[in-house]
Amino acid sequence: MKKIFLLLAFGLVACKSIQTQVSNYQVSQQEISSTLAYLSSDELEGRDTGSEGIEKAAVYLENQLKKYNYKPYFRNFRDTLTTIDNAYNVVGFLEGKDPKLKNEIVILSAHYDHIGITEKGFEGDHINNGANDNASGTTVLSEVAKYLGELNNNQRSVLIVYFSAEEKGLLGAKHLAKRLKYQNVDIYTLLNFEMLGVPMNYNFDVFLTGFTQSNMADKLNEYAGYELVGKSEQAEKYNLFRASDNYPFYEEFKIPSHTISAFDFGNFDFYHHPKDEFQMMNIEFMTQLTQKLLPVVSEMINAPTREIQMN
């Protein structure tokens with residue numbers, strides 16, 4: 001009984017502390033805009049895996065992680081894929097502060113690759129800039145990573161993962177999931193960020209893939225204090241739970257592994273299209289969403305017990 005009271009007390013203190021920290025932290029709309037503009041610029045030529053463009057994106061994201069106090073999880077920030085040439089995930093590590101909880105890892109991820117330059121263009125434009133898919137998710141994650149790195153008081157350890165070769169069949173996620181499984185890493189949960197550049201017309205901000213696979217939706221909404229995430233019938237119909245980088249981790253670890261997205265097949269017409277460009281993105285929405293995600297992610301990382309579980 002004493003242990004239960006101690007856990008409850010810890011939870012109340014941690015919750016109050018998190019709320020105070022978040023209320024004092026303001027996500028920068030200018031930084032959201034700057035990161036998104038660069039990752040979706042013509043200079044990066046659509047970030048095709050193995051290209052010069054994605055190399056520039058990787059350097060940019062590595063420099064951010066260094067600036068935000070992250071360390072390499074492996075020998076360096078690059079997790080080299082073995083199934084495809086010139087491809088690597090970018091992985092940053094923020095060690096937890098609790099002597100026990102730090103052995104449990106929370107993965108926050110987004111894929112930073114896209115489909116590059118294609119022969120079939122649109123009105124003379126052959127560069128598929130991938131602003132929504134998935135420079136937007138990468139940008140939101142980079143701002144969450146900045147927040148966590150600057151506070152540097154996470155109880156569990158955190159891996160920030162920018163996956164490569166998602167567009168080639170989730171190859172980056174499959175590689176890292178197998179590698180971490182082989183190393184017997186204790187992963188608590190994974191939350192993946194995908195296509196977050198344009199708002200949906202629902203009473204929730206984002207949907208969660210594999211909605212009924214775990215209690216993650218309930219917990220994220222509890223942490224947010226309102227219905228932040230909802231269920232997309234379209235996502236369930238097309239089984240998007242299996243279509244993004246969360247799925248290889250579910251397969252390998254059988255842990256709650258989900259993707260949040262704001263692409264519902266009706267609010268954005270330029271999927272894998274040259275007009276998926278920076279100018280089409282809603283920076284204000286992305287900034288507000290990132291601000292809303294900060295306390296949610298913090299609660300997930302700092303909860304005294306494994307509150308998110310498979311159903």
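See the structure above.
Nothing here was measured: the structure is a model prediction, and the numbers come from that model.

What counts and what doesn't
Residues numbered from 1 in each chain as written. Predicted model: local features only at pLDDT ≥ 70, side-chain atom pairs only at ≥ 80, totals over all residues. Heavy atoms only, no water. Helix = DSSP H or I, 4+ residues; strand = E, 2+ residues; numbered from the N terminus. Expected span 1.5 Å × (residues − 1). Buried < 20%, exposed > 50% of the residue type's maximum accessible area, 1.4 Å probe, protein only. Salt bridge = Lys/Arg side-chain N within 4 Å of Asp/Glu carboxyl O. Phe/Tyr/Trp six-rings, centres within 6.5 Å; stacked < 30°, edge-to-face > 60°. Lys NZ or Arg CZ within 6 Å of the ring centre and 35° of its normal. Polar contact = N/O pair within 3.5 Å; in protein donor to acceptor, adjacent residues only side chain to side chain. Contact = heavy atoms within 4.5 Å. Pairing = 2+ DSSP bridges. Axes fitted to C-alpha atoms, helices over the stretch in contact; angles between N-to-C directions. Left-handed = near helix turned anticlockwise from the far one by under 90°. Nonpolar A, V, L, I, M, F, W, Y, C, P; charged D, E, K, R; others polar.

Caption draft 1: Layout of helix α4 (residues 131-151). Taking 1.5 Å of rise per residue, 21 residues should cover 30 Å, and α4 covers 28 Å from first to last C-alpha, within 8% of that figure. By the criterion of burial, α4 is predominantly enclosed, with 19 of the 21 residues buried. After α4 finishes, the residue N152 shows a positive phi value of roughly 50°.

Caption draft 2: Inspection of the pattern of salt bridges at higher detail. Taken as a whole and judged by the stated rule, the model has 14 salt bridges. In this structure, K146 engages E31 in a salt bridge whose closest nitrogen and oxygen atoms are separated by 2.7 Å. In this pair, K146 sits in helix α4 while E31 sits in helix α2 (residues 29-39), placing the two residues 115 residues apart along the sequence. A relative accessible area of 11% means that K146 is categorised as buried. A relative accessible area of 29% means that E31 is categorised as partly exposed. The residue E222 makes a salt bridge to K219 at a minimum N-O spacing of 3.0 Å. Separated by 3 residues within a single helix, E222 and K219 lie in helix α6 (residues 216-224), roughly one turn from each other. The class for K219 is buried, based on a relative accessible area of 12%. A single network of salt bridges, built from pairs that share partners, joins E104, R156, D186 and R306.

Caption draft 3: Inspection of the packing of aromatic side chains at higher detail. Applying the stated criterion across every chain yields a total of 14 aromatic pairs. Note on Y73 and F74: the rings are 5.1 Å apart at their centroids and 80° apart in plane angle, and the pair reads as edge-to-face. Given the relative accessible area of 23%, Y73 is considered partly exposed. Between F263 and Y271, the aromatic rings sit 5.9 Å apart at their centres with planes inclined by 15°, giving stacked as the arrangement. Between the NZ or CZ atom of K254 and the centre of the ring of Y250, over which it lies, the distance is 5.2 Å.

Caption draft 4: Main features of the side chain of S244. Mapped onto the fold, S244 is located in the loop between α7 (233-237) and α8 (247-253). Polar side-chain contacts of S244 include one of 3.0 Å to the side chain of N192. With near-sequence residues (within four places) excluded, S244 lies in contact with E166, L170, N192, E194 and T259.

Caption draft 5: Quick peek at the pairing of strand β5 (residues 116-122). In the sheet, β5 pairs with strand β6 (residues 125-128) via 3 bridges, with the strands oriented antiparallel. Paired with I117 across the bridge in β6 is I127. Following β5, the chain reverses through 2 residues before pairing antiparallel with β6; E123 in that reversal takes a positive phi of roughly 50°.

Caption draft 6: Local environment of the packing of α2 against helix α9 (residues 283-302). Interaxial distance between α2 and α9 falls to 9 Å at its minimum, and their mutual angle equals 115°. For the pair α2 and α9, the crossing hand works out as right-handed. Across the interface between the two elements, Q29, I32, S33 and L36 from α2 touch I283, E284, M286, T287 and T290 from α9. Here the residues of the contact of α2 with α9 sort into 4 nonpolar, 4 polar and 1 charged.

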